[in-house]
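Breakdown of the fold
Listed below are the residues making up each chain.
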Amino acid sequence: DAKTTQPPSMDCAEGRAANLPCNHSTISGNEYVYWYRQIHSQGPQYIIHGLKNNETNEMASLIITEDRKSSTLILPHATLRDTAVYYCIVRILSRDNYGQNFVFGPGTRLSVLP
Amino acid sequence: DTGVSQDPRHKITKRGQNVTFRCDPISEHNRLYWYRQTLGQGPEFLTYFQNEAQLEKSRLLSDRFSAERPKGSFSTLEIQRTEQGDSAMYLCASTHGTTDTQYFGPGTRLTVL
């Protein structure tokens, strides 16, 4: 799986959009970008994933650059409960690779400030 | 709550003792994963089951570790002769069919004294 680079920490004001960047310059054409987050003392929580198109769900939006070498997770209106470690993971999603584990990096620690 | 449960949530043991953790995946999820997470690090893969078959093991899974999923439903992870270095959060995740999104349980925090 391609390696990702994320800033170790970020702050965001409550109610503002939180934009979390991720670099994955060695990503290959069949690798997806996944985002998980982990609130203190809990298991990781799935947020969103995408291949090349921008994706949006009830939790967040995922913006992937045209060259796919980087992406941004957007939490549109951050709340205090969004304070967590956010992990960006890239991995192949193909029939031959179903079931492979995720490779987590250290992630970005997002602090939402009142 | 993702629907994946783990028991116990916390375990304190003395060095040299054996411990066993249980994971109940989401019903009908045929794939089950175990990860270990130490302080300040992301989760690290330990092992993976498809139904009752253990298909992959990480080199992190030493001979003191054993995992089972006897009926393809719940799974257990046993650590024999625990060491202080085994202190960590042990996470279980499950997924189903053609989706590759893993849903994690709350974890079991192990402290070895």
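Computed from a predicted model, the values in this text were never measured in an experiment.

Here we take up the sheet that holds strand E3 (residues 19-24) of chain B. Residues and elements named next belong to chain B. The strand order E1-E3-E8-E7 describes an open sheet built from 4 strands, whose pairing is antiparallel. Only two strands of the sheet have a single partner each, and these edge strands are strand E1 (5-7) and strand E7 (65-68). Taking each pair of neighbouring strands and ignoring which way they run, the sheet shows an average axis angle of 15°. Two elements, E1 and E3, share 3 bridges in a ladder whose sense is antiparallel. From the neighbouring strand, Gln6 faces E3, where its bridge partner is Cys23.

Attention shifts here to the packing of aromatic side chains. Residues and elements named next belong to chain B. Applying the stated criterion across every chain yields a total of 17 aromatic pairs over all chains. Each ring, one from Tyr35 and one from Phe45, has its centre 6.1 Å from the other, and the planes form 75°; the classification is edge-to-face. In this pair, Tyr35 sits in strand E4 (residues 31-37) while Phe45 sits in strand E5 (residues 44-50), placing the two residues 10 residues apart along the sequence. Residue Tyr35 is classed as buried on the basis of its relative accessible area of 0%.

Before going further, it helps to examine the pattern of salt bridges. Applying the stated criterion across every chain, the model contains 4 salt bridges over all chains. In this structure, the salt-bridge partner of Asp82 of chain A is Arg37 of chain A, at a minimum N-O distance of 2.8 Å. Here Arg37 of chain A lies in strand E3 (residues 31-38) and Asp82 of chain A lies in the loop between strand E7 (70-75) and strand E8 (84-92), a separation of 45 residues in the sequence. Here Arg37 of chain A falls in the buried class, since its relative accessible area comes to 10%. Its salt-bridge partner being Asp24 of chain B, residue Arg22 of chain B comes within 2.7 Å of it at the nearest N-O pair. Arg22 of chain B gets classed as partly exposed once you look at its relative accessible area, which sits at 33%. For Asp24 of chain B, a relative accessible area of 25% gives the class partly exposed. Three or more residues are tied together by salt bridges with common partners; here these are Arg64, Glu83 and Asp86 of chain B.

Cut-off values and rules
In this convention, every chain numbers its residues from 1, walking through the sequence in written order. Going through the entries in the order they are written, you letter the chains from A and number the ligands from 1. With pLDDT at 70 or above as the cut-off, local features in this predicted model cover only qualifying residues; side-chain atom pairs require 80 or more to be listed or tallied, and sums for whole chains, interfaces and linings still use all residues. To obtain the side-chain values, all non-hydrogen atoms of the structure were included, while hydrogens and water were left out. Two strands form a pair only when DSSP identifies at least two bridges running between them. Only DSSP runs of H or I with at least four residues qualify as helices, and only runs of E with at least two residues qualify as strands; both kinds are numbered from the N terminus onward. Every axis corresponds to a line fitted to the C-alpha atoms, with the helix fit spanning only the stretch in contact, and the corresponding angles, defined between N-to-C directions, vary from 0 to 180 degrees. Note on aromatic pairs: the rings of Phe, Tyr and Trp (six-membered ring only in Trp) are paired at centre separations within 6.5 Å, and the planes decide the class, stacked below 30 degrees, edge-to-face beyond 60, tilted for the rest. Burial classes follow relative accessibility: with a 1.4 Å probe on protein chains only, a residue under 20% of its type's maximum area counts as buried, one over 50% as exposed, and anything between as partly exposed. A side-chain nitrogen of Lys or Arg and a carboxyl oxygen of Asp or Glu constitute a salt bridge if their distance falls within 4 Å.

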